[in-house]
Amino acid sequence: MLLRLPTSVAEAQECLAEGAVPVGGATLVWATWQREGFPGLAMSLRELPEANVLGPQTVGGAVILCRIDVRVPDVLRLAAATVGTGAVRRTATVGGNIAGSTLRCLLPAALVLDARATVLEADGVREAGLAEVVAKRPVLIGLRWRTPTASAYRKLPAQAGGAPPLVVASALHAGPGGPHRVRVAVRDGYEVLSGTAPGDAGAGEALEALRGTALGELPAAAWDVVRPQVVGLLERRGTG
């Protein structure tokens, strides 16, 4: 297998046009390749500057999870810190987790940040929504978002070999001169549901509004986690 390491977007486009298979940390594909055979040409974005940025409002698709720190919102930092083992986090990438994984542990965090994706295709770079990234699994160059007022994340314990653990992510946003909004996303099994509610009234009103979204389908155990997160976020209004 020939591994290409493009250092520019133009070079990465050429790799895709030549049929290169995108690979990040290879934590999700190595076993499959060993079983079914390695591709003739693969491509990693680990040398592409645009895919390695890390800051308060952006993270590159080639950033390995152990690099994600206090420069990003709490919800994304905590999500990255709970993925797999330390060995996995030292290899797995943001792009691989969101675009290549069935668990997508970072997806709830990205959803509540209202993140937009920059994706690479053979004919160029463009912006895409997270729903498209999940459905089509393009090459993810990076994510961008607007810094929230506050955010929170929790992953419940789970038994080894059992169902994926419940994940609850939330964020409080305030538009310039506009009202607050509460965004909540929950991974229940392999499904990720999300909803938005007004954030300028009380917690009861916000929770009632969230129950009117797709989140209303969640079991009681999930709401036992959602409720205190929303209450905690609303208590932080004006302190971010």
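Bear in mind that the values here come from a model prediction, so they are computed numbers and not experimental data.

Each value, and the rule that gives it
- Residues numbered from 1 in each chain as written.
- Predicted model: local features only at pLDDT ≥ 70, side-chain atom pairs only at ≥ 80, totals over all residues.
- Heavy atoms only, no water.
- Patch = residues over 30% accessible without salt bridge, like charges linked within 9 Å, V, L, I, M, F, W, Y side chains within 5 Å.
- Areas by Shrake-Rupley, 256 points an atom, 1.4 Å probe, with all protein chains shown as cover.
- Salt bridge = Lys/Arg side-chain N within 4 Å of Asp/Glu carboxyl O.
- Helix = DSSP H or I, 4+ residues; strand = E, 2+ residues; numbered from the N terminus.
- Phe/Tyr/Trp six-rings, centres within 6.5 Å; stacked < 30°, edge-to-face > 60°.
- Lys NZ or Arg CZ within 6 Å of the ring centre and 35° of its normal.
- Contact = heavy atoms within 4.5 Å.
- Buried < 20%, exposed > 50% of the residue type's maximum accessible area, 1.4 Å probe, protein only.

## A word on a nonpolar patch on the surface
Consideration 1: A cluster of nonpolar side chains, Met 1, Leu 3, Leu 5 and Phe 38, forms an exposed patch at the surface whose accessible area comes to about 330 Å².
Consideration 2: Summarising the element assignment, Phe 38 is placed in the loop between helix H2 (30-36) and strand S3 (41-43).

## Concerning the packing of aromatic side chains
Consideration 1: For the structure shown, the criterion picks out zero aromatic pairs.
Consideration 2: Note that Arg 211 overlies the ring of Trp 223, its terminal NZ or CZ placed 4.0 Å from the centroid.

## Points about the environment of Pro 6
Consideration 1: With respect to the helices and strands, the residue Pro 6 is situated in the loop between strand S1 (2-4) and helix H1 (9-17).
Consideration 2: Pro 6 sits 152 residues away from Ala 158 along the chain, and the two C-alpha atoms are 39 Å apart.
Consideration 3: Apart from the residues lying within four places of it in its own chain, the contact partners of Pro 6 are Glu 11, Ala 12, Cys 15, Met 43, Ser 44, Leu 45, Glu 47 and Leu 48.

## Considerations on the pattern of salt bridges
Consideration 1: Applying the stated rule across the entire model yields ten salt bridges.
Consideration 2: The partner of Arg 181 in a salt bridge is Asp 114, and the shortest N-O contact between them spans 3.0 Å. With Arg 181 in strand S11 (residues 180-188) and Asp 114 in the loop between helix H6 (107-112) and strand S6 (116-121), this residue pair connects regions lying 67 residues apart in the sequence.
Consideration 3: Residue classification places Arg 181 among the partly exposed positions, given a relative accessible area of 29%.

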